[in-house]
Amino acid sequence: MHRFLVSPDNIQGNKITIEGDDFKHLHQVLRLKPGDRINVFDGSGTEYEANIFSIEKSSAIAEIKATVKSETEPEVRVTLFQGLPKGEKMDLIIQKGVELGVHRIFPVITNRTVVKLNKKDSIKKTERWQRISREAAKQCRRTYVPEVTEPVTFDEALIKANTFSRALFLYENEEKKCLKETLKCYNINKIKDIALFVGPEGGFTSQEVENCKNLGYNIVGLGKRILRAETASISVLSIIMYEMGELNL
Ligand code: SAH
């Protein structure tokens, strides 16, 4: 089934308007006609089955036939607080994170973040990241498009993470607590949201680690090898989803 993502504003009553590049794709590439069935989702968790009702000059109108129950959204909400890495690494983390079921991503400017973004760059980057999130959500059949926010400071990230039931903080110098042991103590039925902190390529400073320890975060190590930031985020998201039963059929 062809799937289209529209803004919630394009859904009025039981009519959906598809415009822009999606309209071109629907009309010129797929050559869909009135009566053809499509699926449409609005990015906030709802998906519809719809029939194309009419093809206009620059848009298609579809009529909602049924609401589809989403089976692709994880119950556990993992929010990734990602120390902003250099270059295109953030793109990869977003794409793979969305496929793996991340709920939201905060790029974080930490002490060792080397990237310098002014307000204009920051807005442009965020638009790009959100586009990547939308494309990944479409491709992997999610009905929810995870928000990627504008970069926040480390202190702002701590305030945001304050409301989560658990906060996991990956630290390569942690020698006592490993991820396996920590996740084993998480009650899958009770824990609905997890904040996951991963550092940029330079890692976290000892002061940042100390702050998070004092706030009661679970500081965990991932074994003896140092992983690159993107490897750490992607593998830990997979492990959390596996442990929380989100990779079951
Ligand atoms: N610059 C640091 C490594 C940073 S790796 C150094 O060379 O020592 C980037 C981030 O990935 C880290 O901040 C941490 O959050 C995560 N990470 C990488 N390897 C890890 C490991 N073995 N255990 C826990 N976290 C790890």
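Owing to the predicted nature of the structure, the values given are computational and were not obtained by experimental measurement.

Asker: Would you mind going over the site of the ligand with me for this structure?
Answerer: Of all residues adjacent to the ligand, which total 19 residues, the nearest are Leu170, Glu201, Leu222, Arg225 and Leu227. Within the contact set of the ligand, a nitrogen atom lies 3.5 Å away from a backbone nitrogen or oxygen of Tyr171. Look at the ligand: alone it shows 560 Å² of surface, and the protein chains cover 85% of it. Among the residues making up the shell around the ligand, the classes are represented as 11 nonpolar, five polar and three charged.

Asker: It is not clear to me how the packing of aromatic side chains should be interpreted in this structure. Could you clarify?
Answerer: In this description, a pair of aromatic rings is defined by centroid distance and the angle of the planes. Tallied over the entire structure, the rule returns eight aromatic pairs. When the centroid spacing of 6.1 Å and the interplanar angle of 75° are considered together, the rings of Phe81 and Phe164 count as edge-to-face. With Phe81 in strand S7 (residues 77-83) and Phe164 in the loop between helix H4 (154-161) and strand S11 (166-170), this pair connects stretches of sequence that are 83 residues apart. The exposure class of Phe164 is buried, given its relative accessible area of 18%.

Asker: Explain helix H7 (residues 229-243) to me, please; I cannot follow it from the model alone.
Answerer: Every α-helix winds through 3.6 residues per turn, so residues three or four apart in the chain are directed the same way. If you check H7, its first and last C-alpha atoms are 21 Å apart, about what 15 residues at 1.5 Å a residue would give, namely 21 Å. In this fold, the buried residues of H7 make contact with S7, helix H2 (89-100), S11, helix H5 (179-184) and strand S12 (193-198).

Asker: Looking at this structure, I do not really get the domain arrangement of the chain. What am I missing?
Answerer: Where interface size is quoted, it is often the accessible area lost as the parts come together. For the chain, the assigned domains are domain 1 (3-68) and domain 2 (77-243). For domain 1 and domain 2, the distance between their C-alpha centres works out to 34 Å. Contacts between the two partners involve nine residues from domain 1 and, on the opposite side, eight residues from domain 2. With both chains or domains summed, domain 1 and domain 2 bury close to 700 Å², and 58% of this area falls on carbon and sulfur atoms.

Asker: Can you help me understand the sheet that holds strand S2 (residues 11-12) in this one?
Answerer: Within a sheet, adjacent strands bond to each other through the backbone by hydrogen bonds, running parallel or antiparallel. Strand order across the open sheet formed by six strands is S1-S4-S5-S6-S3-S2, with mixed pairing between neighbours. Strands at the two margins of the open sheet, each flanked by one partner only, are strand S1 (3-5) and S2. In this structure, strand S3 (residues 15-19) lies alongside strand S6 (residues 59-68), joined through five bridges in antiparallel fashion. Bridging across to S6, Ile18 finds its partner in Ala60. Together, S1, S3, strand S4 (37-41), strand S5 (47-55) and S6 form the strand contacts of helix H1 (residues 20-29), whose direction differs from that of S3 by roughly 90°.

Asker: What exactly am I supposed to notice about the pattern of salt bridges here?
Answerer: Two side chains carrying opposite charge are able to pair once their charged atoms lie near each other. Applying the stated criterion across every chain, the model contains 15 salt bridges. A salt bridge links Arg3 to Glu47, with the nearest nitrogen and oxygen atoms 2.7 Å apart. With Arg3 in strand S1 and Glu47 in strand S5, this residue pair connects regions lying 44 residues apart in the sequence. When its relative accessible area of 12% is taken as the criterion, Arg3 is described as buried. Given the relative accessible area of 6%, Glu47 is considered buried. Here Glu150 ties to Lys119 by a salt bridge, and the two come within 3.0 Å at their closest N and O atoms. Within this pair, whereas Glu150 is found in the loop between strand S9 (147-148) and strand S10 (152-153), its partner Lys119 is found in helix H3 (residues 119-139), the two being separated by 31 residues in sequence. Residue Lys119 is classed as exposed on the basis of its relative accessible area, which comes to 56%. Overlapping salt bridges, with partners in common, bring together Lys15, Glu63 and Lys65 in one network.

Asker: So what exactly am I meant to see when it comes to unusual backbone geometry here?
Answerer: Trans peptide bonds make up most of the peptide bonds, and negative phi angles are found at most residues other than glycine. Residues other than glycine seldom take positive phi values, yet Arg31 does so here, at roughly 55°. By the secondary structure assignment, Arg31 is in the loop between H1 and S4. Even without glycine at this site, Arg141 takes up a positive phi of about 70°. Relative to the assigned elements, Arg141 resides in the loop between H3 and S9.

Asker: In this structure, what is going on with the nonpolar core? I would like to understand it.
Answerer: In summary, soluble globular proteins display a tendency toward joint burial of nonpolar side chains. Residues Ile94, Leu168, Ile194, Leu196 and Ile240 are the most contacted members of the largest nonpolar core, which totals 34 residues. Those elements that place two or more of their residues in this core are S7, H2, H3, S11, H5, S12 and H7. Considering each element in turn, this core owes the most residues, five residues, to H7. Setting aside residues up to four positions removed in sequence, Ile194 forms contacts with Val76, Arg77, Val78, Thr79, Phe164, Arg166, Leu168, Tyr186, Ile240 and Met244. Judged by nonpolar contacts, the second largest core, of 19 residues, contains Phe106, Tyr171, Ala195 and Cys212.

Cut-off values and rules
Residues numbered from 1 in each chain as written. Predicted model: local features only at pLDDT ≥ 70, side-chain atom pairs only at ≥ 80, totals over all residues. Heavy atoms only, no water. Near = heavy atom within 4 Å. Polar contact = N/O pair within 3.5 Å; in protein donor to acceptor, adjacent residues only side chain to side chain. Areas by Shrake-Rupley, 256 points an atom, 1.4 Å probe, with all protein chains shown as cover. Nonpolar A, V, L, I, M, F, W, Y, C, P; charged D, E, K, R; others polar. Phe/Tyr/Trp six-rings, centres within 6.5 Å; stacked < 30°, edge-to-face > 60°. Helix = DSSP H or I, 4+ residues; strand = E, 2+ residues; numbered from the N terminus. Buried < 20%, exposed > 50% of the residue type's maximum accessible area, 1.4 Å probe, protein only. Expected span 1.5 Å × (residues − 1). Contact = heavy atoms within 4.5 Å. Domains from an automatic or database assignment. Buried area = accessible area lost by both parts, 1.4 Å probe. Pairing = 2+ DSSP bridges. Axes fitted to C-alpha atoms, helices over the stretch in contact; angles between N-to-C directions. Salt bridge = Lys/Arg side-chain N within 4 Å of Asp/Glu carboxyl O. Core = buried A, V, L, I, M, F, W, Y, C linked by side-chain atoms within 4.5 Å.

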